[in-house]
Number of protein chains: 2
Amino acid sequence: MNKILRVNMNDLTCKVEEVPAEYATLGGRALTSTIVAKEVPPQCHPLGPNNKLIFAPGMLSGTPAANSGRMSAGAKSPLTGTIKESNSGGTSAQQFAKMGIKAMIIEGQPKDDKWYRLHVTMDGVTFEDASELVGKQNFDVIDAMNAKYDTKIGVMTIGIPGENRLAAANISVKDPDQKIRSHGRGGLGAVMGSKKIKCITIDATGAGKVEIANPEKFRAAAKVFAKGMLDHPVSGEGLPTYGTNVLINILNEAGGLPTKNFRYGTCEHHDLVSGETMYDTIVKRGGHHKHGCHAGCIIQCSQVYVDEAGAYITSGFEYETVWGLGINCLIQSLDDCARIDNAMDNIGIDSIEGAVLLAVAMDAGVLPWGDGKEALRIMNEEIGKCTPLGRILGNGTASVGQAYGLTRVPVVKGQGIPAYDPRSVKGIGITYATTTMGADHTAGYSIATNILKVGGFVDPLKKDGQVELSRNLQIATTSIDSTGMCIFVAFPALDIPEVLPALVDMCAARFGVEMSVDDFVGMGARILKMEKEFNTKAGFTKEDDRLPEFFEYEPIPPHNAVWDFTPAEIDELWNF
Amino acid sequence: MNKILRVNMNDLTCKVEEVPAEYATLGGRALTSTIVAKEVPPQCHPLGPNNKLIFAPGMLSGTPAANSGRMSAGAKSPLTGTIKESNSGGTSAQQFAKMGIKAMIIEGQPKDDKWYRLHVTMDGVTFEDASELVGKQNFDVIDAMNAKYDTKIGVMTIGIPGENRLAAANISVKDPDQKIRSHGRGGLGAVMGSKKIKCITIDATGAGKVEIANPEKFRAAAKVFAKGMLDHPVSGEGLPTYGTNVLINILNEAGGLPTKNFRYGTCEHHDLVSGETMYDTIVKRGGHHKHGCHAGCIIQCSQVYVDEAGAYITSGFEYETVWGLGINCLIQSLDDCARIDNAMDNIGIDSIEGAVLLAVAMDAGVLPWGDGKEALRIMNEEIGKCTPLGRILGNGTASVGQAYGLTRVPVVKGQGIPAYDPRSVKGIGITYATTTMGADHTAGYSIATNILKVGGFVDPLKKDGQVELSRNLQIATTSIDSTGMCIFVAFPALDIPEVLPALVDMCAARFGVEMSVDDFVGMGARILKMEKEFNTKAGFTKEDDRLPEFFEYEPIPPHNAVWDFTPAEIDELWNF
């Protein structure tokens, strides 16, 4: 019943393959990373014919399990050169899962210059002429597809930067509100563009329900799991009220809020863009402060941010984006930040990379510090239209740093460092340095324990315990990324003893297999090592597991902390 | 008597240091690479405060030995991330040698935004305000310094791209005709710019002669050496007549002349830009077809290329540049090519990187194929003025490839592949892949034996013998690069038995030491391994010793050859 769709862009064919036994209980990151590791030559050019782009819903996607509706996308990344997994909300994961599509593997490149839309139905994939969609940004693509089909059509699309294979281009996924969620990090939109696929539409007509081998066990576990989510103060209260942007004031207090391209750890105007201010603004204007990125989400950390007249500006307005624009670029107007966020959704640029690179561009003198209007213009008119300046920027933070010959360039393996300073929150620095993905906070979110005191407490300013913390989180996250769950299930899982076993029980019940917590965590460790091995074969060494040099010689106030781990200390992370 | 100048840009001081015993008999590449390996942290940012820029004349520079007047510059390269040695003709090496300056080590960075000119005299170094020179291109800098001092003043300078730290920026050295020679490859001009040094002037007043420990032995060896140079058909006849551009027709005949960004191995219009055509044009217009890049050169492979009215257009118009513009970019007018070459001298861009990247820009649609006028405008107005497009281009071939999302991007370790196709001249492919410098034909010039049948013959289309050929040449070249000799002494050295011993005898006589040919070659092997070790510590692995993937799947006519070495075969190079 389950199948793998193998799409070959060389000859525009799609084979429907049986799911190999070894993939049967995998999903999400475990499956996309396994397929990349098995099928993609580690030394291939990420934009060349030998890279592959793989989509896989999570192990639990499409089931009634709360918060399980995330799709994983995998490939060799044009931004980092590493293996890449990036997962997204939206409607496509649940559609794929209900259609029995365990994974879609897209390989090859058309020989001609034509653009295609892959149309996925229960019968397989057809290759539609996309010439009328080329040159459109994401919201127009979604509108066109809604008009052609109806609003139930699933859409995964790239904007003009993705068509032009810019390394910060993401893959945008339509969400239940006809807005956009993203496979954000690592430039997977450029990989899709390199295969001349403008858009993937999913018509799930005829799809059934996801089979659950042991429904009773599943239901019982799902109940425990959902209760844990609602009981925990972060996932049950903080996130639903203020969204992820609750973190602005918290990180400012901790001195770990990178400000003015990582010069300072606190920001005077933090309250202008804080989660609390965002909440008040939304409530006053009649937007929604609770909102889910996919059906079945019970955290509802998203929001609908509206203007003074109550008209939509953006949603999925995350802490990392608000930080990047409002704090690190010193853009004091939350409305400006929201408009830039929406522009990034529309043109299809990772909103973390987009914000981090803007601060480097400000350091280079490309635009004035804090100028939100000019930043918005640059998004739409330069990056969105792929002008020469837009190409410099749209290829990511490292590209901007190189173009302007700068040394304060916050990247690891070419990917921009997000919203937590590694000098003053040292656990996250270990994650940035060592994750297989390039700088990525979600890969091992030490902020939970360093700052939020979830899962215990490890002092963020001391080196002790950080490597072990990051290692454990990176392994657990790899497992969670495989389930289709959103990362925030980690908060209750770290604090409430019955949550992780319930998650594992749901997976076991779904597939009708025995699975212990150790098995589940062991899967994460195995996949993580597989990803690492891919990177090694691609030419990465421990010398790449390092933060930029400036973190070592520029102390960050207020703690005047520097990055002081020795190479040997960092390399201990992989000792498992 | 000999000394090392240690210039510290942090506090604008210069220490005059004694030459350590271990450096006593070193010079050129052996000395710059040793100092880089010893003093520069391999993981530092090439444009940051911890990189150093080192200049050292060759072991024989300043002596009466023919062709010994080349200066070596070394640093960690912003283009490749590897160790970098780039040597240049001009007047500075002989000035340094006669002033007893064994090496100048430039370290640190000024804290403020001021630009400096280092003024080197027998008394040491002074730090002059360079604010009036900033924003000038190279010829204007030279004119200004000639006017301030006199035409004997030595000048090493960077253009506006170097000020802006673009990774293809070179360091330009004034030659005996007040024109320009270059430390071309690897972006050392950006390193100089990162240290806020616009220009280095050398007033050699009071300098003596270079001491020679055993003048009699030296004279005898120098005579044998010079005779060998003049007797060999390549150095004594081909190069003096046609310059290095003699190679256009030869490579075309061999099917190894990369055409239209490495699509074809022959070019229909090759004769329009060949060495023979250049010779006829120069003679007809009253230019000079023989010309030396430094005093004491007896090969005279340079030329003065003039326009129809007899006015100077360019000199040092090398095969690789003519190939890159005239063949690989399809610019059919030799005059256009010459004007672009002169523009690259003036703005201070490596003329190989500049030509290779233009072809990739043409592939990207930035300018039309073969449009020499637009290429000239782009050099002067875009790269020369560091516009956004100019920054994309001025950061080198890999930067252009990334900005436009291309896969036919001929680089190794980020450096553009020059004028010999590695698929149809396989020995040079091994050199490109494995040299410590990023793609560099001079690092192990297999063309000598693959094509010119100097030093025997190894069939360019077969894999047999290429690794051994490249290894031997890379080792020997490292030794020769240390003497201050130009690379072309290798032709007679490979064919005439008494030439290499004579070169070694000159070195031995210069320093008053015993030195066998084995000692001399052993020095090269030792330095090469030291450079390799630096790269390893910087994070390079054997996976970086690979050619771009497209060489494996795009056969090149007329031989329809592909790059077919296995990784294990390539890696054999380092088995010594």
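Structural data are supplied above this passage.
Let us look at the structure shown here. Note that this is a predicted model, so its numbers are computed, not measured.

Attention shifts here to the packing of aromatic side chains. Scanning the entire structure with this criterion turns up 22 aromatic pairs over all chains. With a centroid separation of 4.8 Å and an interplanar angle of 40°, the aromatic rings of Trp 563 of chain B and Phe 565 of chain B are classed as tilted. Comparing Trp 563 of chain B with Phe 565 of chain B shows no difference in burial state: the two are buried. Put simply, the rings of Tyr 319, Tyr 420, Tyr 445, Phe 488 and Phe 491 of chain A touch in pairs and so form one group of aromatic residues. Between Lys 179 of chain A and the ring centre of Tyr 312 of chain A, over which it is positioned, the NZ or CZ distance is 4.3 Å.

All names here are of chain A. By the criterion of burial, strand 6 (residues 101–107) is predominantly enclosed, with 7 of the 7 residues buried. Note that strand 1 (residues 3–8) and strand 6 share 6 bridges and pair parallel. In the sheet register, Lys 3 faces strand 6, and the bridge partner there is Ile 101. Across 4 bridges, strand 3 (residues 52–57) lies against strand 6 in antiparallel orientation. Each residue of the ladder has a partner; that of Lys 52, found in strand 6, is Glu 107.

Moving on: the nonpolar core. One finds Tyr 420 and Met 506 of chain A together with Tyr 420 and Met 506 of chain B to be the most contacted residues of the largest nonpolar core, which totals 261 residues. Discounting chain neighbours no more than four positions away, the residues touching Met 506 of chain A are Leu 60, Ala 65, Phe 218, Ala 221, Ala 222, Phe 225 and Met 485 of chain A.

This brings us to unusual backbone geometry. Of note, the bond from Pro 557 of chain A into Pro 558 of chain A is cis; its omega dihedral lies within 30 degrees of zero at 5°. Structurally, Pro 558 of chain A is set in the loop between helix 22 (550–553) and helix 23 (567–571). Although it is not a glycine, Leu 330 of chain A sits at a positive phi angle of roughly 60°. Relative to the helices and strands, Leu 330 of chain A resides in the loop between helix 10 (319–328) and helix 11 (334–347). Even without glycine at this site, Gln 178 of chain B takes up a positive phi of about 70°. Inspection of the secondary structure puts Gln 178 of chain B in the loop between strand 10 (171–174) and strand 11 (180–183).

Each partner contributes to the interface: chain A provides 33 residues, whereas chain B provides 33 residues. Where chain A packs against chain B, one counts 0 salt bridges. At the boundary of chain A with chain B, the tally comes to 16 residue pairs in polar contact (both at pLDDT 80 or more). Secondary structure elements with two or more residues in the side of chain A that touches chain B: helix 14 (388–394), helix 15 (397–403) and helix 21 (517–537) of chain A. Ranked by the residues each element gives to the side of chain A that touches chain B, the list is headed by helix 14 of chain A, at 4 residues.

To continue, consider helix 12 (residues 351–363) of chain A. Note: α-helices contain 3.6 residues per turn, so residues at a spacing of three or four share the same orientation. Residues and elements named next belong to chain A. Taking 1.5 Å per residue, 13 residues should reach 18 Å; helix 12 reaches 19 Å between its end C-alpha atoms and fits that length. Those residues of helix 12 that sit buried are Ser 351, Ile 352, Glu 353, Gly 354, Ala 355, Val 356, Leu 357, Leu 358, Ala 359, Val 360, Ala 361 and Met 362. Buried residues in helix 12 make contact with helix 10, helix 11, helix 13 (372–383), helix 14, helix 15 and strand 17 (415–416). Its side-chain oxygen placed 3.2 Å from the backbone nitrogen of Ile 352, Asp 350 serves as the N-cap of helix 12. In the segment just after helix 12, Gly 365 is the residue with positive phi, at about 85°.

With that settled, the discussion passes to the pairing of strand 1 of chain A. Residue and element names in this part refer to chain A. Counted residue by residue, strand 1 has 6 buried out of 6 residues, so it is predominantly covered. Going residue by residue along strand 1, you find Lys 3, Leu 5 and Val 7 tucked away on one face and Ile 4, Arg 6 and Asn 8 tucked away on the opposite face as well. Of the strand pairs in this sheet, strand 1 and strand 2 (residues 13–18) are connected by 6 bridges, and their pairing is antiparallel. Looking across to strand 2, one finds that Lys 3 is bridged to Glu 18. The loop that links strand 1 with its antiparallel partner strand 2 comprises 4 residues; one of these, Leu 12, has a positive phi angle of about 55°.

Mapped onto the elements of the fold, Gly 48 of chain A is located in the loop between helix 1 (28–39) and strand 3. For the pair formed by Gly 48 of chain A and Gly 108 of chain A, sequence separation is 60 residues and the distance between their alpha carbons is 8.1 Å. Once residues within four sequence positions are removed from consideration, Gly 48 of chain A is found in contact with Gln 109 and Lys 195 of chain A together with Thr 407 of chain B.

The subject of this paragraph is the sheet that holds strand 14 (residues 302–306) of chain A. Residues and elements named next belong to chain A. One open sheet accounts for 3 strands, arranged 13-14-15; its pairing is antiparallel. Strands with a single pairing partner mark the edges of an open sheet, and in this sheet they are strand 13 (288–291) and strand 15 (312–315). Mean inter-strand twist for the sheet, computed between neighbouring axes without regard to direction, equals 25°. Pairing of strand 13 with strand 14 involves 2 bridges; the strand directions are antiparallel. Counterpart to His 291 in the pairing with strand 14 is Ser 302. Lying over the sheet, helix 9 (residues 275–285) contacts strand 13 and strand 14, oriented at roughly 60° with respect to strand 14.

With that out of the way, let us pick up the environment of Leu 547 of chain B. Mapped onto the secondary structure, Leu 547 of chain B falls in the loop between helix 21 (517–537) and helix 22 (550–553). Not counting the four nearest positions on each side in its chain, Leu 547 of chain B is found in contact with Val 412, Pro 422, Gly 429, Tyr 432, Ala 433 and Trp 563 of chain B.

Glancing now at helix 3 (residues 138–148) of chain B. Residue and element names in this part refer to chain B. Three or more residues of helix 3 are buried, namely Asn 138, Phe 139, Val 141, Ile 142, Met 145 and Asn 146. Along the axis of helix 3, the buried residues cluster in a sector spanning 160°; they form a single face. Set apart from the buried face of helix 3 by more than 90 degrees, the exposed residues are Ala 147 and Lys 148. Elements that come into contact with the buried residues of helix 3 comprise strand 7 (116–121), strand 9 (154–157), strand 10, strand 11, strand 12 (197–202) and helix 11 (334–347).

Calculation rules
- Residues numbered from 1 in each chain as written.
- Chains lettered and ligands numbered in written order.
- Predicted model: local features only at pLDDT ≥ 70, side-chain atom pairs only at ≥ 80, totals over all residues.
- Heavy atoms only, no water.
- Phe/Tyr/Trp six-rings, centres within 6.5 Å; stacked < 30°, edge-to-face > 60°.
- Buried < 20%, exposed > 50% of the residue type's maximum accessible area, 1.4 Å probe, protein only.
- Lys NZ or Arg CZ within 6 Å of the ring centre and 35° of its normal.
- Helix = DSSP H or I, 4+ residues; strand = E, 2+ residues; numbered from the N terminus.
- Pairing = 2+ DSSP bridges.
- Core = buried A, V, L, I, M, F, W, Y, C linked by side-chain atoms within 4.5 Å.
- Contact = heavy atoms within 4.5 Å.
- Salt bridge = Lys/Arg side-chain N within 4 Å of Asp/Glu carboxyl O.
- Polar contact = N/O pair within 3.5 Å; in protein donor to acceptor, adjacent residues only side chain to side chain.
- Expected span 1.5 Å × (residues − 1).
- Axes fitted to C-alpha atoms, helices over the stretch in contact; angles between N-to-C directions.
- Arc of directions from axis to C-beta.

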